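# Architecture and fold: a report
Listed here are the chains, written in short residue letters.
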Amino acid sequence: MLGDTIAAVATPLGEGGIGIVRVSGPLALDIAARLFQSAAGLDWRNCGSHRLFYGRVVDPADGRVVDEILLGVMRAPHSYTREDVVEFNCHGGMVALRRVLELVISCGARPAGPGEFTKRAFLNGRLDLAQAESVIDLIRARTEAGLHVAVAQLSGRLSRLIDELQDKLLGVLARLEAAIDFPEEDVEFVSAGDLRADLARLVRDVSALVEQAEVGRVYREGISTVIAGRPNVGKSSLLNALLRENRAIVTEIPGTTRDVIEEVLNVRGIPLKLADTAGLRETGDPVEKIGVERSRALLRRADLVLVVLDAAAGITAEDREILEQVRDKKGLVLINKCDLGDAASLSERLKKLVDDKPVLIVSALHGTGLDRLADAIAQLVLGGGIGAGDELLVSNVRHKSALQSCLFHLREVERSLNEGLPVDLLAIDLRAAWEALGEITGTTVSEDIIDRIFSDFCIGK
Ligand code: GDP
């Protein structure tokens, strides 16, 4: 499969300043030689790697000029894919780009699948799987904090840590296997005390990674949030007030269909995904009923709920009902319109009613208390422990479950050791723990998982 040459438009479809057709594989240079004419008449094939050449793409069939371009040449193995890569930097119009791609394909390349360039980088050993996955996280990052996590992963920090843990595991395993091979010298090879200490250290390190995975996921994927409350308490005003200050950059992800409008806020680096909700009231109106059903479903799925009350109206029966509905949810209670009523005494009464949710006083209209609201959200979501400035290494659910599986097997080893079970049983679990870690960097991962990961990428990446 790696013997062929792949090509794709690597820039977004539509009008742009430039558009790039990327080609990778053994035919890349030959294809460029057939289609490209250097304006200066340079013998560009003998001009080294990592250079740009100005010239034209000419259709070999009729000699017509298709576009004026810069040709980028990156020779194997110093390229994104470690293969020969050429990039046709065209004028960013769809017709020219498509025509150049057609010509490239007619010269022997085939259209690349989603993520196939990055997949080649992985298969050719330039990136490990965790690094390759971070490429898509980097592209889709919604906040700078999210970007920070992705860049750390791309630089290979997580991979190095996983390699180190695997080495340590291998050390323990080697000692155990020696004991299996020479059972009579069992005691000399493995001292149970040493083994316990080694295992305890490994369990501690892997647990720490699992713990930060949740925070990492928050930065990577964001938190789905619902603003709940009776009509007229100021939900839309609050959303608008928050959006004015904190609107996040939103990237459309192809293949996701959304049945609700979603706004994304950047709250202290956390992408807060806010679904627009119709309200949570009981209703007889069938049309409104659909809206209410949908809101309920959204509420069930939400990671975070902001319940809004009206300071001027006090706590109504309907408010109590809504608070009851979100009893088990992570959330904040906001007393809005603090300019109109006695929010302080209302706050005291509410705190008794909702003992586990922080109560905040705000005015959506005047922008009062919104800074404190952002702090409270960050505190609630991150648990106060780990922040965007800290080094976060795990953000991916796949990595988290591999770490959990590693932890499970390490604990099994500890248990077997305590119960005095034979060393070959210990070795089985140690090997499983080692393999679980390898799933993260891709050394022990199956081909369908690799395919699934890259199918999520865009074409041309
Ligand atoms: P929703 O139905 O919950 O989305 O409520 P809206 O956001 O539409 O607000 C209902 C009314 O309350 C509007 O007239 C808002 O201008 C007003 N409102 C919202 N927040 C405040 C506030 O903090 N103070 C005052 N005085 N009025 C507010």
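Residues numbered from 1 in each chain as written. Predicted model: local features only at pLDDT ≥ 70, side-chain atom pairs only at ≥ 80, totals over all residues. Heavy atoms only, no water.

### What about the site of the ligand?
- Around the ligand there are 15 residues in total, and Asn232, Lys235, Ser236, Ser237 and Ser363 lie nearest to it.
- Here an oxygen atom of the ligand sits 3.0 Å away from a polar atom, N or O, in the main chain of Gly234.
- One nitrogen or oxygen atom from the side chain of Ser237 is found 2.5 Å from an oxygen atom belonging to the ligand.
- When the free accessible area of the ligand is taken as 580 Å², the share hidden by the protein chains comes to 73%.
- The greatest single-element share of the shell around the ligand, amounting to 3 residues, is contributed by helix α9 (residues 235-246).
- Considered class by class, the residues forming the shell around the ligand number 5 nonpolar, 6 polar and 4 charged. (Near = heavy atom within 4 Å. Polar contact = N/O pair within 3.5 Å; in protein donor to acceptor, adjacent residues only side chain to side chain. Areas by Shrake-Rupley, 256 points an atom, 1.4 Å probe, with all protein chains shown as cover. Helix = DSSP H or I, 4+ residues; strand = E, 2+ residues; numbered from the N terminus. Nonpolar A, V, L, I, M, F, W, Y, C, P; charged D, E, K, R; others polar.)

### A closer look at unusual backbone geometry
- At the junction of Ala76 and Pro77, the peptide bond is cis and its omega measures out at 0° in the coordinates.
- The phi torsion at Arg82 lies on the positive side, around 70°, for a residue other than glycine.
- On the basis of relative accessible area, Arg82 is assigned to the partly exposed category, the value being 37%.
- Positive phi, normally seen in glycine, also occurs at Arg268, with a value near 50°. (Buried < 20%, exposed > 50% of the residue type's maximum accessible area, 1.4 Å probe, protein only.)

### Here's the deal with the packing of helix α6 (residues 157-181) against helix α8 (residues 192-221)
- Viewed as axis vectors pointing N to C, α6 and α8 meet at an angle of 160°, and their least axial separation amounts to 11 Å. Relative to α8, α6 is oriented roughly antiparallel. As for the relative orientation of α6 and α8, their crossing is left-handed in sense. Packed against α6, whose contacting residues are Leu161, Ile162, Leu165, Lys168, Leu169, Val172, Arg175 and Leu176, the element α8 presents Asp194, Leu195, Asp198, Leu202, Asp205, Val206 and Leu209 at the interface.
- Partitioned by chemical class, the residues of the contact of α6 with α8 number 10 nonpolar, no polar and 5 charged. (Axes fitted to C-alpha atoms, helices over the stretch in contact; angles between N-to-C directions. Parallel < 35°, antiparallel > 145°, perpendicular 65-115°, else oblique. Left-handed = near helix turned anticlockwise from the far one by under 90°. Contact = heavy atoms within 4.5 Å.)

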